[in-house]
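Chain and residue survey
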Amino acid sequence: MRYPKKLTVLQMSFLALAAVLNIAGANLALLIRIPLYLDTLGTFLAAILFGPFYGMVPGFLSGILTGMTTDIYSLFYLPVQLLTGLTAGLFFYEKSFRNGKYRIPLYAFVVTLPGTIVSSCITAFLFGGITSSGSTVMVQLFHHLGLNLTVSVFCVQLVTDFIDRTVMLALSLTVLHVLPVSVLTVLKKETVLMDRYSKITNKNKREIVLLKALPCAWGKCRFCDYIEDNSRDRESMITLNRDVLSHVTGEFGVLEVINSGSCFELPKETLTDIRTVVREKHIQKLFFEAHWIYRSRLDEMREFFGIPIVYKTGAETFDYHFREHYLNKHADFRDAEELSRYFDSPCLMVGIQGQTKEMIQNDIRLLKQFFKLGTINVFTNNSTDVKRDEELVKWFLEEYRELEHDPSIEVLYENTDFGVGD
Ligand code: SF4
């Protein structure tokens, strides 16, 4: 996951607004003296949109300003604000909650716990259990009923923090849901630019865009966790893809379009947008990627775009057993020759535990024999149970060093070597 390094003026203004939201919420809670804090709406919004680092900014600003104006206690609770922004950013940055809203209390609990531990210590040891918050009454009540002060503070703090964070998280998600997609896209522009558009200038010069698409029709490859980039939210997908495509200049006359899955899973509107870019920017050749299951439909795209298309496909290996029975690729071509009847450029993976040197040697030999182009991905560990074989990777890098200068084969040492993705 990569976070924005530099913010636009609009993004900085949004962080200032988020701090104001925190201050307004904190003052409202003080005014009506409820046992909640209501001071993290801006923190959650910033954390979800911009990640953990910027998630801490609104809480820092609002803590200082509130502490210097209406509630001195806020200054002492600054670490809690920072911790909330940090954990919210680590857990929620760029996550889609559309299918998991019922888990909001669970998410809220995860974010609450570290902050509760810190704020309980501050309340118990620094203030003896008495602060400006409405929850102080409950702490004193439990304490007078015989409960140890620290335990009283922690119990009350945990319950009130949890309810408070659940309300604030739900509210921030509602705000993000009702904000127009175009506003969200502009707000996240820096991230979009950083992750989804790039130029490949060493071999086969081209521009490359990583677009969002509908879920991969197969979706069960054992090593794959990048289908997390899939979406069912057509409207936001189309808007985001349009924004990414707007960066294409046509300077090489060649454009590669990738998505987490096959080009056939791109929304129709995005395909039309790509065609517009192709025409306006004088693109003469496209690179697309498609799974083996689409092999009989490849000409549909050629007719739609009216220019040559180089079709890549994730073959992973020509070893049938490893591909089908271990990697679960669902691409049951028997040999490289059969694959070459449909596709122009296979993508192979090397360095997986269970692979052998002989398998890799055979794969590269067949790649060169049957295809003019190919990509080799050096496997990097991800969230799946498929693991990298460090010894094998070391051997491959030494044995096939000359591939660096082979114009027909691109070797990706990291998933992000094309400059897109994370
Ligand atoms: S076909 Fe591609 S996107 Fe779909 S599950 Fe396999 S690796 Fe993932």
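Now for a look at the structure at hand. This structure is a prediction, so every number in the text was calculated from the model and none was measured.

Another point: the site of the ligand. Around the ligand, the surrounding shell holds twelve residues, and the nearest of these are Cys 216, Gly 219, Cys 221, Cys 224 and His 291. Grouping the amino acids of the shell around the ligand by side-chain chemistry returns six nonpolar, four polar and two charged.

Among the surface-exposed residues, Met 138, Leu 141, Phe 142, Leu 145, Leu 147 and Val 151 lie close enough to one another that they form a single nonpolar patch of about 530 Å² accessible area. Structurally, Leu 147 is set in the loop between helix H7 (136-144) and helix H8 (149-178).

Moving on, we come to the environment of His 405. Relative to the elements of secondary structure, His 405 occurs in the loop between helix H17 (390-399) and strand E8 (409-412). For His 405 and Lys 203, which are 202 residues apart along the polypeptide, the C-alpha to C-alpha distance reads 8.9 Å.

Where helix H2 (residues 41-50) contacts H8, the axes come no closer than 9 Å and their chain directions differ by 55 degrees. Put simply, H2 runs oblique to H8. Where H2 crosses over H8, the handedness of that crossing is right-handed. Contacts from Leu 41, Phe 44, Leu 45, Ile 48 and Leu 49 of H2 reach H8 at Arg 165, Met 168, Leu 169, Leu 171, Ser 172, Leu 173, Val 175 and Leu 176.

Another aspect to go through is the side chain of Arg 165. Residue position: Arg 165 is located in helix H8. Residues contacting Arg 165, with those up to four places away along its chain left out, are Tyr 37, Thr 40, Phe 44, Val 80, Thr 84, Ala 108 and Thr 112.

Once that is clear, we can look at the nonpolar core. Counting 53 residues, the largest nonpolar core has Ile 274, Leu 286, Phe 288, Phe 305, Tyr 311, Phe 318 and Phe 396 as the members making the most contacts within it. When sequence neighbours within four positions are dropped, the list of residues in contact with Leu 286 reads Leu 255, Val 257, Ile 274, Val 278, Phe 305, Ile 307, Pro 308, Ile 309 and Val 310. Membership of the second largest hydrophobic core comes to 26 residues, among which are Leu 7, Met 168, Leu 169 and Leu 173.

With that settled, consider H2. Burial runs high along H2: ten of the ten residues are buried. Listed in full, the buried residues belonging to H2 are Leu 41, Gly 42, Thr 43, Phe 44, Leu 45, Ala 46, Ala 47, Ile 48, Leu 49 and Phe 50. At the exit of H2 stands Gly 51, carrying a positive phi of roughly 95 degrees.

Counted under the stated rule, the structure contains 17 aromatic pairs. For the pair Phe 44 and Phe 92, a centre-to-centre distance of 6.5 Å together with 40 degrees between the ring planes defines the contact as tilted. One end of the pair, Phe 44, is in helix H2; the other, Phe 92, is in helix H5 (residues 78-92), with 48 residues separating them in the sequence. Across the pair, exposure class does not vary: Phe 44 and Phe 92 are buried alike. Connected via pairs of aromatic rings, a cluster forms that spans Trp 292, Tyr 311, Phe 318, Phe 333, Tyr 342, Phe 343 and Phe 371. Stacked on the ring of Phe 304, the Lys or Arg Arg 275 has its end atom at 4.0 Å from the ring centre. The ring of Tyr 320 carries the charged tip of Arg 334 above its face, separated from the ring centre by 4.1 Å.

What counts and what doesn't
- Residues numbered from 1 in each chain as written.
- Predicted model: local features only at pLDDT ≥ 70, side-chain atom pairs only at ≥ 80, totals over all residues.
- Heavy atoms only, no water.
- Near = heavy atom within 4 Å.
- Nonpolar A, V, L, I, M, F, W, Y, C, P; charged D, E, K, R; others polar.
- Patch = residues over 30% accessible without salt bridge, like charges linked within 9 Å, V, L, I, M, F, W, Y side chains within 5 Å.
- Areas by Shrake-Rupley, 256 points an atom, 1.4 Å probe, with all protein chains shown as cover.
- Salt bridge = Lys/Arg side-chain N within 4 Å of Asp/Glu carboxyl O.
- Helix = DSSP H or I, 4+ residues; strand = E, 2+ residues; numbered from the N terminus.
- Axes fitted to C-alpha atoms, helices over the stretch in contact; angles between N-to-C directions.
- Parallel < 35°, antiparallel > 145°, perpendicular 65-115°, else oblique.
- Left-handed = near helix turned anticlockwise from the far one by under 90°.
- Contact = heavy atoms within 4.5 Å.
- Core = buried A, V, L, I, M, F, W, Y, C linked by side-chain atoms within 4.5 Å.
- Buried < 20%, exposed > 50% of the residue type's maximum accessible area, 1.4 Å probe, protein only.
- Phe/Tyr/Trp six-rings, centres within 6.5 Å; stacked < 30°, edge-to-face > 60°.
- Lys NZ or Arg CZ within 6 Å of the ring centre and 35° of its normal.

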